[in-house]
Amino acid sequence: MHCKERLCISLLQKCRNLKQIEQIQAFVWKNGFKADPVVAGKLILKCAVLIPDSLHHARHLLLHASNPDVFMYNTLSRGLSESETPEDSLITLIEMRRRSLTPDSYSFAFALKVAADLMYLKAGIQLHCQALVYGLNTHLFVGTTLTGMYGECGYLEYARRAFEEMSEPNIVAWNAMLTACFRCDDIKKVEFVFDEMPFRNLTSWNVMLAGYVKAGEVELARKLFMELPMKDGVSWNTMIVGLAQNGHLDEAFGLFRELRRTGMKVNEVSLTGVLSACAQAGALEFGKILHGLVEKAGVGWIVSINNALLDTYARCGNVDMARLVFQRMPDKKNIVTWTSLIAGLAVHGYGEEAIQYFHEMEEYGVMPDGVLFISVLYACSHAGLIKEGCKYFNKMNKVYGIEPTIEHYGCMVDLYGRAGLLQKAYKFINEMPILPNVVIWRTLLGACSFHGNVKLAEQMKQKLSELDPQDSGDYILLSNVYAAAAKWEDVGALRKLMSSHCVKKTPGWSVIEVHRTTFTFVAGGELDEITGQAHEKIREVISRLRIESGYVPETKTVLHDIEEEEKENAVSWHSEKLAVAYGLLRTCKGKTIRIVKNLRICSDCHNVMKLISRVYEVDIVVRDRSRFHYFKDGTCTCKGYW
DNA sequence: TTAGGGTTAG
C-alpha cells in the first residue's frame, strides 16, 4: 500500500468529527486514490458508524463511489441500523443487488437485526428466503440472528426452524434459541431448551433466571440465583428487577444494597430496577438517594434512567421534582417519558397541565400509543374534563389509528361515572364493541356508590356476582350505597351474604417511610412492637381529635372492617391510620408524612387525615389505589372527589 | 475491515 494511503488510514483512525473527515477526504481526492475501496471504505465506516450525525455524508460517498464493495455496504447498513431511521438499513440490500454485488453473512445479519428490533416479521421472512438462495441460512452468524428475529416477533416455531437449519449450533446460537423462548413468554420451553443444551455458559443461566422472573416464579428464581455457579452484573440486575416487578420491594432494596456491598459496579439497569421498586413503595427519601447514585455512576444522561427517575418522583408525590427531571433531561424524550409525565400529573389531579403536555408531545413529534392514551383519558376523568375526554377517545382511533382496548373503555366509563352521568356510562357500556369485564362493572359500581344510586348499584353488583362473586370490595361499595340511603336491613342482609359466601377481604396495607426505612402496616395484622406503638398513638390522636375538633367516627362504612368486627376486637384500625400515627411518633415537626396504601382510602380515614393535618399542623400525602391526596390545614386537594 | 446470545423505564 502506498505510504500516503497508510497515512490517511492512520489519520482517519484518530479523527473525531465530520470536519476532520472532510479534510482527509479532500486530501484523498486531491491525491487521486479516491477509487481505492479500502481507503474509501474506511472513510465510510468512520462517517457512518463512529461520527454522530454524518450518515448523510456516508450515503453520499457510497452513492458516488466508483468501485464500492460489499464491506462498504455492510458498514453503511450497520451505521443506519443504529441511526434514528434504522429501516433505511434494509434498503442497502436492494442497492447491493442493483450494483450486482453478492451479500454476505454480515449483510444479512445487520438487516435481520433491524427486522428484529422493529419487529418487521414480513421483512424478516423475506430476508430468510434470500439467505436461503445464497445458502447463507446455515451460517452460524445468520442462523443465530434469524432465530433471534423470529423470537423477537413472537414466532417461536419459526425460530426453532431457523435454529435447526444450522448444522452445528454453538453456544451463542443455543442461547439465541433460549432467548427466543423467553421472548415468547414460554417458560416451559425455556426450561426444555435449557435442559436440552449440550453446553451452557453464564448467559444461558441468566436467561433461565430472567425466564423465571418474567413468569412470576420468584421462588424458583431465588433458588437459581443462590445456586448460580458464578454471578455477573446481569445476574444481579435480573434478580433485582425481578423482585421489583413481582412486588417484593423490600427484598429488591436489600439485594441492591448487597450488590453495592460486593463492590460490583452499579449501572443503569440496576438503578432503573431499584427505582421502579421505589416508585411502587412510594419511598421518596430512598429515591432521592438513588438520584444521587445516578449522578455518581455517570448515567444521568440515559433516557431510561431519566424516565425511571421522573416516574419515581411522580409516584412518590413529588411533582415538582418530576417536572424538573423532565425539563433537565437530554433532548431524547420518548413515549415512556411523556406517558410517565402525563400519568404523574393526572394522579395528582393536574388534568389541564397533563393535556397541555400531550399537545406538546404531538408537536415534539413522538407518536402516541395505546398506553399514552390511557394516561390522557385518566387525566380527563380525574379532573372532570368530560368534553376533552370524549375528544381524545375519538382522536386516538380516527387520527392515530389506535384501536381502543378494555382499559380505554374503562377510562370512559370512569369519566362519565365520576361526573355523575351514570345512565350515560351504562349506555356506553352496552354499546361497547367488546365484552365488558369486571373492572368496567366495578368502575360504574364505584360511581353509583359515590353518587348514591341504589338501583343501578344493585344491577352492577348483580353483574359482578356472576363474574367475580368473591371480591370483597364490591360488597363494601354496595353496602356503602345502602348505608348512605339508611337502608340498614339491606346492609345486614349483605353482610350475611358475605359471610355465607366466605368472601375474603383483600388485606389493606399502608407503607410509610421514616428515616429512609419503610414500615408496612396491615389492618388486623400481627401485633409487633411497632404496630403496638402505632395503636397506642392512634388512640391518643383520636381522643384529641374528639375533644379539639368534635370528631365522630363514621359508621356508614361499617362493612369496611368486617373481619375485625367479627373478632370483636375493640382496637381495630385501618392501616393508614396506624401508619399516620407512627408517622406522628417518628417524624420531625414540619416534615411531610407520606403514606402509600394498596386500596382506596375510606371516608372516615380521609376525614381523620384532614383533622390531623389541622390539629397537629402537619402535611400528609396519601397515595391510594386511585390517586394522591394532599392533606393540609384541614383540607384535601381531591376536594372530596376520589 | 464489519459480528451473532443475557438484565432496564410508562
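This is a predicted model, so every value here is computed, not measured.

1. Remarks on unusual backbone geometry
No. 1: Positive phi outside glycine occurs at Ser100, with the angle close to 55°.
No. 2: In this fold, Ser100 is placed in the loop between helix H6 (91-98) and helix H7 (105-118).
No. 3: A positive phi angle, close to 55°, is found at Met119, a residue other than glycine.
No. 4: With respect to the secondary-structure elements, Met119 resides in the loop between H7 and helix H8 (121-133).
No. 5: The exposed category is assigned to Met119, whose relative accessible area is 52%.

2. Things to note about the protein's contact with DNA strand B
No. 1: Around DNA strand B, a shell composed of 42 residues is seen, among which Phe71, Asn175, Asn201, Asn206 and Asn307 lie nearest.
No. 2: Atoms of DNA strand B within 4 Å of the protein belong to the sugar or the phosphate in 48% of instances, the rest to bases.
No. 3: Here a phosphate oxygen of DNA strand B and a side-chain polar atom of Arg78 are 3.1 Å apart.
No. 4: Residue Arg183 places a side-chain N or O atom 3.2 Å away from a phosphate oxygen belonging to DNA strand B.
No. 5: Within the surface near DNA strand B, the residues separate by chemical class into 17 nonpolar, 17 polar and eight charged.

3. As for the packing of helix H16 (residues 249-262) against helix H17 (residues 268-281)
No. 1: Two elements in contact, H16 and H17, have axes separated by 9 Å at closest approach and are oriented at 145°. Between H16 and H17 the crossing geometry is left-handed. For the pair H16 and H17, the contacting residues are Leu249, Ala252, Phe253, Phe256 and Leu259 in the first and Ser270, Leu271, Val274, Ala277, Cys278, Gln280 and Ala281 in the second.
No. 2: Here the contact of H16 with H17 is composed, by residue class, of 10 nonpolar, two polar and no charged.

4. Things to note about helix H15 (residues 233-245)
No. 1: With 13 residues, H15 should reach 18 Å at 1.5 Å per residue; the first-to-last C-alpha distance of 18 Å fits that figure.
No. 2: Listed as buried for H15 are Ser235, Trp236, Asn237, Thr238, Met239, Ile240, Gly242, Leu243 and Ala244.
No. 3: In the segment just after H15, Gly247 is the residue with positive phi, at about 85°.

5. A closer look at H7
In an α-helix there are 3.6 residues to a turn, and that puts residues three or four apart on one side.
No. 1: An ideal rise of 1.5 Å per residue puts 20 Å on 14 residues; H7 measures up with 20 Å between its terminal C-alpha atoms.
No. 2: The set of residues buried in H7 consists of Ser105, Ser107, Phe108, Ala109, Phe110, Ala111, Leu112, Val114, Ala115 and Ala116.
No. 3: Elements in contact with the buried residues of H7: helix H5 (70-81), H6, H8 and helix H9 (140-153).
No. 4: Looking at where H7 begins, the residue whose side-chain oxygen comes 3.2 Å from the main-chain nitrogen of Tyr106 is Asp104.
No. 5: The positive-phi residue at the C-terminal boundary of H7 is Met119, with phi of around 55°.

6. Points about the UniProt feature "repeat: PPR" (unreviewed entry) in chain A
No. 1: Under the local residue numbering, the UniProt record ascribes the feature "repeat: PPR" (unreviewed entry) to residues 69-103, 170-204, 232-266 and 334-368.
No. 2: Helix makes up 77% of residues 232-266 and strand 0%, and the two end C-alpha atoms of the span are 11 Å apart.
No. 3: As annotated, residues 334-368 has a helix share of 77% and a strand share of 0%, and its two end C-alpha atoms lie 10 Å apart.

7. Observations concerning the domain arrangement of chain A
No. 1: Split into domains, chain A comes out as domain 1 (431-500) and domain 2 (509-636).
No. 2: Distance from the C-alpha centre of domain 1 to the C-alpha centre of domain 2: 26 Å.

8. Some points on the nonpolar core
No. 1: With 164 residues, the main nonpolar core has Phe256, Leu271, Leu290 and Leu444 as its most contacted residues.
No. 2: Once residues lying within four places of it in the same chain are set aside, the contact partners of Phe256 are Ile240, Val266, Ser270, Leu271, Val274, Phe286, Leu290 and Leu293.
No. 3: Residues Val514, Val618, Phe631 and Cys636 belong to the second largest nonpolar core, which totals 34 residues.

9. Structural notes on the pairing of strand S4 (residues 620-623)
No. 1: Side chains Ile620 and Val622 project from S4 onto one buried face, and the interleaved Val621 and Arg623 project onto a second face that is buried too.
No. 2: The sheet contact formed by strand S3 (residues 593-597) and S4 spans four bridges and is parallel. Bridge pairing in S4 links Ile593 to Ile620.
No. 3: One crossover worth recording links S3 to the parallel S4 by way of helix H34 (residues 603-615), and it is right-handed.
No. 4: Note that S4 and strand S5 (residues 628-632) share four bridges and pair antiparallel. Across the sheet, Ile620 pairs through a bridge with Phe631, a residue of S5.

Rules and cut-offs
Residues numbered from 1 in each chain as written. Chains lettered and ligands numbered in written order. Predicted model: local features only at pLDDT ≥ 70, side-chain atom pairs only at ≥ 80, totals over all residues. Heavy atoms only, no water. Helix = DSSP H or I, 4+ residues; strand = E, 2+ residues; numbered from the N terminus. Buried < 20%, exposed > 50% of the residue type's maximum accessible area, 1.4 Å probe, protein only. Near = heavy atom within 4 Å. Polar contact = N/O pair within 3.5 Å; in protein donor to acceptor, adjacent residues only side chain to side chain. Nonpolar A, V, L, I, M, F, W, Y, C, P; charged D, E, K, R; others polar. Axes fitted to C-alpha atoms, helices over the stretch in contact; angles between N-to-C directions. Left-handed = near helix turned anticlockwise from the far one by under 90°. Contact = heavy atoms within 4.5 Å. Expected span 1.5 Å × (residues − 1). UniProt positions renumbered as here; feature names shortened; annotations may be inferred. Domains from an automatic or database assignment. Core = buried A, V, L, I, M, F, W, Y, C linked by side-chain atoms within 4.5 Å. Pairing = 2+ DSSP bridges. Right-handed = clockwise from strand over helix to strand, strands pointing away.

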